[in-house]
Amino acid sequence: MKKTLIIFILFLFQYNLFAQTATWQNPLPQGNKLNDVYFIDTNVGWAVGDGGVIMKTTNGGTTWTVSYHSTCIGLNKVFFISNLVGWAVGLYGTIIKTTDGGQTWVAQNSGIQTNLFAIHFTNTSDGIAVGDLGVTLRTSNGGATWTLGGSVSLNPILNDLYSDNAGNSWVVGTAGRIAKSTDGGTTWEDMVSGTNTTLRTIQFKTSLIGWTAGNLGVILKSVDGGATWTNSNGSLSNAYNFVDIAFLDQSNGFALDTKGFIFKTTNGGANWSIVLNGNLSSTITILSAISLQSITNIIAVGNKGNIQKSTDSGVSWTSISSGVSTNNTSSSVFFTDANNGWVVSRGSTNEKLLKTTNGGSTWTAKLSNANLQLNKVFFINTTIGWVAGDNGISANGKIFKTIDGGENWAEQVLTGSTVITLYDVQFINTTTGLTVGAGGKIFLTTDGGATWNSQSSGITESIYSVFFLNTNTAWCAGANGKILKSTNGGINWSEQTSGLTSNIRDIFFLDANNGYAVTENGSFLKTTNGGTSWTSQNLGPSSIGGSVTLISVKFFDLNNGITFGFDSLRGIYYTTTNGGITWTPNYIPMLGGLTPLNSFIKDYFVLNQNTFFMTGNFSSILKFGMTTCQSTLIPTGTITSNQKAANSVSTTGINTIPNASNIIYQAGNFVQLNAGFSAASGSVFTARILGNCQ
C-alpha cells in the first residue's frame, strides 16, 4: 500500500540491518506444504500453505508466482469471489484479504487466536470463517469487521465450509459433525451424518444436492439440503482418508485422499475409479486439495509444494514441481563463494549430497549411499571438503573427504571409539581440522584427515558445534550448556562456564576475545574475554509461535550480527546493530517446530552480509538476499531508490528532496514522498530508505 506523506514536523522510522527476499532453490516453484488451491476460471488460480506461502497462476497452473504473508504464519484455505477480491485464513485466527488479485494482502482482525480452516463468501460483503473448537465467524462488510457466529454443538474442529447463493451454509468437522445455517452463520442446526469419523470436506452443487467426505473411506451424499445423508463411496476401502472433494456438476466429481490417491466419479458418487495412484504406506500427507477448472482440467496440491495437473479428466497427470526430489532431510549447507555450494542430508534416499556451481540455480546429486546419514559439510576451498555423520545403523561415526569439489569421496578413519554420531566438522587450513560428536567425542587431524586422533574433552555430553579461530585457538559447544576451549590446536581442552544448561547449537568468534553462542531454548550468549565469562539473554518466545529455538549465529563486526532459528510456526532470524544488546525479529517462510529434531528447518549458512541459505526437510533449500544499502542521507541531495538512511538529520533551513518516490518503508507499507517534498526549519527525520533493498 502506498501513502503520501503530508506531515512534515517529525518522521521516525526504525532502522533494520537487513531487508530480505526469499527464493526457493529446491524444490521449485517452492517446497512448503500446500493446503488449498482455488481457481476462479480456467486460467487464474491461487494456492496457499505452510510458511504463509501464497501462489498464483494465470495460465491454468503451468507456472506459478510465489509470495508470502508477512508473518509467515501457515494458511489453510483460500477463496476468491472475483479475479480481484479474495481472502485466506490460517493459524492463530489469521484472515487476510486482497483486492488486487493477490498482489497485496491486508490483515483483517478476526478477534480470535483460534486456528481457522475454511472461509467462504457469497458476495463481496457476506462471508463466514470456521475453525478449531467449533468457532464460527461472520462478516457483512467484506471482513472489515468479524463477529462470532453461532456455536456448533460439542465444539468440534470445523474442517470445511460451503455456502450457496440461496443463503445456505454447511460446516463439517470431527466426530462426524455436520451443521447448517440459513441466516449467514448467526445460528447453526445440527444435521445427522450417520458417522462418527472425522469429516474434512463438503460441497453442494445445488441447495439440495451435496457431498461430504473424510477419514476411513467415508463419502456421503445428501439430496435434501443436508437433512439426511447416505453412503456414496461405492465400495472404496476404509484405508483411504479423504481430505477434499470437488464436483463440476451433479455427476462429475473427484475425491482426494491424503496418501496421494485421486478418485473420479461420473455418476454423482455411486461409483468411483482411481485416476492417480498414491502410496498407502506413506506416513505424510501427499496431497491436500483439488480444484476443477473444467471437466478436463484439474489441479491437485500437497506436501513438498507438490502440484499435479491433468488436462484429460484425470487420465494422465503431470507434475508441475521440479528440482531434486528426495525424502531426505537436508541437514547442512555450505558455500565457499557465491557460486559453489553443497548440501548434505539424512534419510533413506540414496542421494546424500547436492552440489551447485551457479549459486543454487541448479543442484545435482553427487554422493549416493542409502545408509549414510550426514550432519555436516565443510569446504576449505572449492575443491577440498569433508562431510561428517554416521552409518545410520549402529551410529558409527563416518567422515569423508573430497579433493575434486565433491565429485568423488573417500572415507577417512577415526581412531578410538567411533560408536557415535558426528555433528560438526571444521578446518582452519587444508591440514588441520576438528570433528566432534556424541558422548563428548573430539577428533583432531593435522594431515588433512589421513589420520584422526581422539582427544580427551573431559565431558560426556554431545558436542554440536566446533569453531577454529586460528591454528592454536578453538572452541566447542554442546549439550547442557557445555563450552570447551583449546589453546594448543585442539590437543587439550578446558571447560568454560556458560551459566546455562540448555543445549548450545552453535558457537562463533570474531577474534580472540569476542564470541557468541546460541541455544535450543532461545538464549544468546556473549563473551568479550575469550570465554572466561559469558552473559546471556533470551530472545523468545515469539509473539504467537511460542518458544524459540536458535541453531546458528554469525557476527560481521562488533555491532552487526544475525542469529537463526524457528518457533512452532515458522523460521525466525534476529538481527542486531548494537552488539547483541537488542534484536529485531524477522520471519522466514518455512515451517518451524518445537525442537531441532521435529522442526522442518535444519541449518543456515551465512555466505556474507548480503546472502544466506537455509535447508530443511525433503531436500528443501532457500536462498535469502539481504541488502544494507547506504547508511547516509544527504537532505539537500537527490535520494535515489538505492539509498538507505539511518541517521537523524536536523535541518537549519528549508531542505528540499527532489524527485523522491516510493522510498521509505515503515511497518510493512511503502510511504511515498511527493516530488519536491520540503521540511520546515528544525525538522528532524530518521529514514530507512529502501529501493532494491526491499
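We now turn to the structure provided with this report. For every chain, the first residue of the written sequence is number 1, and numbering continues from 1 along that sequence. This being a predicted model, a pLDDT of at least 70 is required before a residue's local features are given, and a value of 80 or more before pairs of side-chain atoms are given or counted; all residues contribute to the totals for chains, interfaces and linings. Processing note: side-chain calculations cover all non-hydrogen atoms of the structure and skip hydrogens and water entirely.

### Here we look at the pairing of strand β30 (residues 307–310)
Residue alternation in β30 divides its side chains into two sets, Ile307 and Lys309 and Gln308 and Ser310, and both sets are buried. Here, strands pair whenever DSSP counts at least two bridges between them. Numbering of helices and strands starts at the N terminus; helices are DSSP runs of H or I of at least 4 residues and strands are runs of E of at least 2. Across two bridges, β30 lies against strand β31 (residues 318–319) in antiparallel orientation. The residue of β31 that forms the bridge with Gln308 is Ser319. Exposure is judged per residue with a 1.4 Å probe applied to protein chains only, and the accessible area is read against the type maximum: over 50% gives exposed, under 20% gives buried, and values in between give partly exposed.

### Quick word on the environment of Thr563
As for its placement among the helices and strands, Thr563 is situated in strand β53 (residues 561–566). Residues Thr563 and Gly580, 17 residues apart in the sequence, show an inter-C-alpha distance of 9.9 Å. Once residues within four sequence positions are removed from consideration, Thr563 is found in contact with Val518, Leu539, Leu550, Ser552, Val553, Ile572, Tyr573, Tyr574 and Trp583. Polar contacts involving the side chain of Thr563 include one to the main-chain carbonyl oxygen of Ser552, which spans 2.8 Å. We call two residues contacting when some pair of their heavy atoms lies within 4.5 Å. We call two N or O atoms a polar contact when they sit within 3.5 Å, provided that within protein one can donate a hydrogen and the other can accept it, with sequence-adjacent residues counted only if both atoms are side-chain atoms.

### Considering the pattern of salt bridges
Close approach of charged atoms lets side chains of opposite charge pair. One speaks of a salt bridge when a side-chain nitrogen belonging to Lys or Arg is within 4 Å of a carboxyl oxygen belonging to Asp or Glu. As enumerated under the stated definition, the model contains eleven salt bridges in all. The closest approach of N and O atoms between Lys77 and Asp36, which form a salt bridge, is 3.9 Å. Separated by 41 residues along the polypeptide, Lys77 in strand β8 (residues 75–80) and Asp36 in strand β4 (residues 34–39) bring together distant segments of the chain. Of the residues examined, Asp36 reaches a relative accessible area of 3% and is grouped as buried. Salt-bridge contacts for Arg177 lead to Asp190; the nearest nitrogen and oxygen are separated by 3.1 Å. In this pair, Arg177 sits in the loop between β17 (169–173) and β18 (178–181) while Asp190 sits in strand β19 (residues 189–191), placing the two residues 13 residues apart along the sequence. Take Asp190: its relative accessible area is 35%, and that puts it in the partly exposed class. Each of the salt bridges in this network shares a partner with another, and the network as a whole consists of Asp36, Lys77 and Asp160.

### Details of unusual backbone geometry
With omega at -10 degrees, the peptide bond leading from Asn26 into Pro27 counts as cis. As for its position among the elements, Pro27 is in the loop between β3 (19–26) and β4. For the peptide bond that leads from Leu28 to Pro29, omega is 5 degrees, which places it in the cis range. One can find Pro29 in the loop between β3 and β4. Located in the positive-phi region is Asn155, a residue other than glycine, with phi close to 45 degrees. Tracing the backbone shows Asn155 in the loop between β15 (147–148) and β16 (158–163). You can call Asn155 partly exposed: its relative accessible area is 46%. With phi around 60 degrees, Lys304 is a residue other than glycine that occupies positive phi space. For Lys304, the location among the structural elements is in the loop between β29 (298–302) and β30.

### Overview of the sheet that holds strand β42 (residues 442–445)
What holds strands together in a sheet is hydrogen bonding between their backbones, with the strands either parallel or antiparallel. One open sheet holds the four strands; their spatial order is β40-β41-β42-β43, and the pairing between them is antiparallel. At either margin of the open sheet sits one strand with a lone partner, and together these are β40 (422–427) and β43 (453–455). The sheet shows a mean angle of 25 degrees between the axes of neighbouring strands, taken without regard to direction. Pairing geometry for strand β41 (residues 433–437) and β42, over four bridges, is antiparallel. Looking across to β42, one finds that Val436 is bridged to Ile442. In this analysis, axes come from line fits to C-alpha atoms, helices being fitted only over the stretch in contact, and the angle between any two N-to-C directions falls in the range 0 to 180 degrees.

### Re the packing of aromatic side chains
We call Phe, Tyr and Trp rings a pair once their centres come within 6.5 Å, taking the six-membered ring for Trp, and we label the pair stacked below 30 degrees between planes, edge-to-face above 60, and tilted otherwise. Going through the model one piece at a time under the given rule, you end up with 39 aromatic pairs. Ring centres of Phe612 and Phe624 lie 4.4 Å apart, and the angle between their planes is 10 degrees; on these two criteria the pair is classed as stacked. Of this pair, Phe612 sits in strand β57 (residues 611–616) while Phe624 sits in strand β58 (residues 620–627), placing them twelve residues apart in sequence. What makes Phe612 buried here is its relative accessible area of 0%. The buried category is assigned to Phe624, whose relative accessible area is 0%. One aromatic cluster in this structure is built from Phe564, Tyr573, Tyr604, Phe612 and Phe624. Positioned above the aromatic ring of Tyr587 is the side chain of Arg570, whose terminal nitrogen or guanidinium carbon lies 3.8 Å from the ring centre. Here, a charge over a ring means that NZ of Lys or CZ of Arg falls within 6 Å of the ring centre while also lying within 35 degrees of the ring normal.

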